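# A closer look at the structure
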Amino acid sequence: MTSETFGARVHHALATRGQFCVGIDPHAGLLAQWGLPDDVSGLERFAMTVVEAVAPSASVVKPQSAFYERFGSRGVAVLERVIAESRAAGALVLLDVKRGDIGSTTQAYADAYLDPASPLAADAITASPYLGFGSLDPMVDTARRHGAGVFVLALTSNKEGPEVQHARADDGGTVAGGVLRRLGELNAGAEPLGSFGAVVGATIGETDESFAINGPLLAPGFGAQGGTPADLRRIFGSAAGAVLASSSREVLRLGPEPQAMTDAVRRGNDELAEALA
Ligand SMILES: O=c1ccn([C@@H]2O[C@H](COP(=O)(O)O)[C@@H](O)[C@H]2O)c(=O)[nH]1
């Protein structure tokens, strides 16, 4: 993939392109709104229009795998194109797959998404630590080997998340706090930024957790789910410079006119630069 770490690449991308990330999520409702059929030809037209509109200027794009998988192997082939063409246009690709399993299977997921020899290889993926943080070790090792990144779910944007993530662990801290601590350990000493990020929703409300993990912080839920730049400032405080605010539907509903989506990236970056400076 590259000799540079993902942490170094995302640090550079945030500094030069901005903190706004576009989710490329071809919802059935959006295909209909764009006047496209709910089939693989509609999926391809939608996804490639978005790539062309946003990948030349956004720091990171985040395709959500589920929306491609629902069309089977031909949908996955479209996802492969989204990854390759977004990277060719200069965006980093964070593939949102939320994988996590027993260690031996986690290795296979890591090979599928983080090994540059795979047609689905991305710059980084999302992962779930809820089979135990250590079950992600093969993913961490593979990411280190290939200069890729992993964003681990800590405090998700959905209302059901707290029943697991706010639960108290044996040490009295929250389960999410334990995930953040382990990420800080993985990123210790990395410069300018570690490659192991946390997923922390822009909608989580009040929190006492520390986000000083020396890694990138993916904040989904920005836009359509209600998260605002002011929420990000409040949640992340002094860690706000490492935040990547992700928005899907709020941008995609502006299509199929490409310029409207391109303008949304610029607006999003400007708003975030002002709020998080
Ligand atoms: O906590 C999380 C983790 C991931 N997501 C994903 O982000 C997008 C959100 O889409 P919007 O249209 O901007 O609401 C979607 O792909 C989710 O799977 C999240 O929302 N929350």
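What counts as what
- Residues numbered from 1 in each chain as written.
- Predicted model: local features only at pLDDT ≥ 70, side-chain atom pairs only at ≥ 80, totals over all residues.
- Helix = DSSP H or I, 4+ residues; strand = E, 2+ residues; numbered from the N terminus.
- Rg over C-alpha atoms; globule rule 2.2 N^0.38 Å.
- Contact = placed C-beta atoms within 7 Å.
- Pairing = 2+ DSSP bridges.
- Axes fitted to C-alpha atoms, helices over the stretch in contact; angles between N-to-C directions.
- UniProt positions renumbered as here; feature names shortened; annotations may be inferred.
- Buried ≥ 20, exposed ≤ 12 C-beta atoms within 10 Å, placed from the backbone.
- Right-handed = clockwise from strand over helix to strand, strands pointing away.
- Expected span 1.5 Å × (residues − 1).
- Arc of directions from axis to C-beta.

Turning our eyes to something else, we now look at the overall build of the chain. Summing up its helical and strand segments, the chain has 12 helices and 8 strands in all. Rg of the C-alpha trace for the chain: 17 Å, near the compact-globule value of 19 Å for 277 residues, within the 12% margin. When its C-alpha atoms are laid out on the principal axes, the chain stretches across 55 × 40 × 35 Å. Long-range pairs, those at least 24 residues apart, make up 71% of the contacts in the chain with a sequence separation of at least 6.

With that settled, consider the sheet that holds strand β4 (residues 124-127). Read once around its circumference, the closed barrel built from 8 strands follows the order β1-β2-β3-β4-β5-β6-β7-β8, with strand pairing classed as parallel. Taken pair by pair, the neighbouring strands of this sheet meet at an average axis angle of 30°, ignoring direction. Pairing between strand β7 (residues 217-219) and strand β8 (residues 243-247): 3 bridges, direction parallel. Looking across to β8, one finds that L218 is bridged to L244. Along the sheet face, helix α7 (residues 137-146) touches β4, β5 (149-155) and β6 (196-200) and points at about 140° away from the line of β5. The strands touched by helix α10 (residues 229-236) are β6, β7 and β8; relative to β8, the strand with the most contacts, the crossing angle is about 145°.

Moving on to the UniProt feature "active site" (unreviewed entry) in the chain. Cross-referencing UniProt, the feature "active site" (unreviewed entry) maps to K98 in the present numbering. Its location among the elements puts K98 in strand β3 (residues 92-99). Using a count of 18 C-beta atoms within 10 Å as the deciding quantity, one classes K98 as partly exposed.

Moving on, we come to unusual backbone geometry. With an omega dihedral of 0°, the bond running from E191 to P192 counts as a cis peptide bond. Its place among the elements puts P192 in the loop between α9 (175-187) and β6. In the segment running from G255 into P256, the intervening peptide bond is cis, with an omega of 10°. Structurally, the position occupied by P256 is in the loop between α11 (249-252) and α12 (258-276). Backbone geometry places K98, a non-glycine residue, at a positive phi of 45°. Notably, N214 is not glycine yet its phi reads approximately 55°, a positive angle. Overall, the presence of 20 C-beta atoms within 10 Å leaves N214 in the buried class.

Turning our attention to the pairing of β6. Most of β6 sits out of view: 5 of its 5 residues are buried. Side chains F196, A198 and V200 of β6 all project onto a buried face; the interleaved residues G197 and V199 project onto the opposite face, where all are buried too. Judged from the 5 bridges that link them, β5 and β6 form a sheet pairing that is parallel. Bridge pairing links F151 to G197 in β6.

A word on the pairing of β5. The side chains of a regular strand alternate between the sheet's two faces. Counting buried residues along β5, 7 of its 7 residues qualify, which places the element largely inside the surrounding structure. Pairing of β4 with β5, which is carried by 4 bridges, proceeds in the parallel orientation. Pairing of A127 across the sheet is with V152, part of β5. Since β4 and β5 lie parallel, the crossover through α7 that links them has a hand, and here it is right-handed.

Helix length check: α12, at 19 residues, gives a terminal C-alpha distance of 27 Å against a target of 27 Å (1.5 Å per residue), a fit within 8%. Taken together, the buried positions of α12 are M261, A264, V265, G268 and L272. When α12 is viewed along its axis, its buried side chains cluster within an angular range of 100° and face the same direction. Exposed side chains of α12 directed beyond 90 degrees from the buried face belong to Q259, R267, D270 and E274. Structurally, α12 contributes buried residues whose contacts are with β1 (20-24), α3 (40-54), α10, β8 and α11.

Another aspect to go through is the environment of F133. Residue placement: F133 occurs in the loop between β4 and α7. When the 20 C-beta atoms within 10 Å are taken as the criterion, F133 is described as buried. The spatial distance from the C-alpha of F133 to the C-alpha of G194 is 17 Å, given a sequence separation of 61 residues. Beyond its immediate stretch of four places on either side in the chain, F133 contacts V179 and R182.

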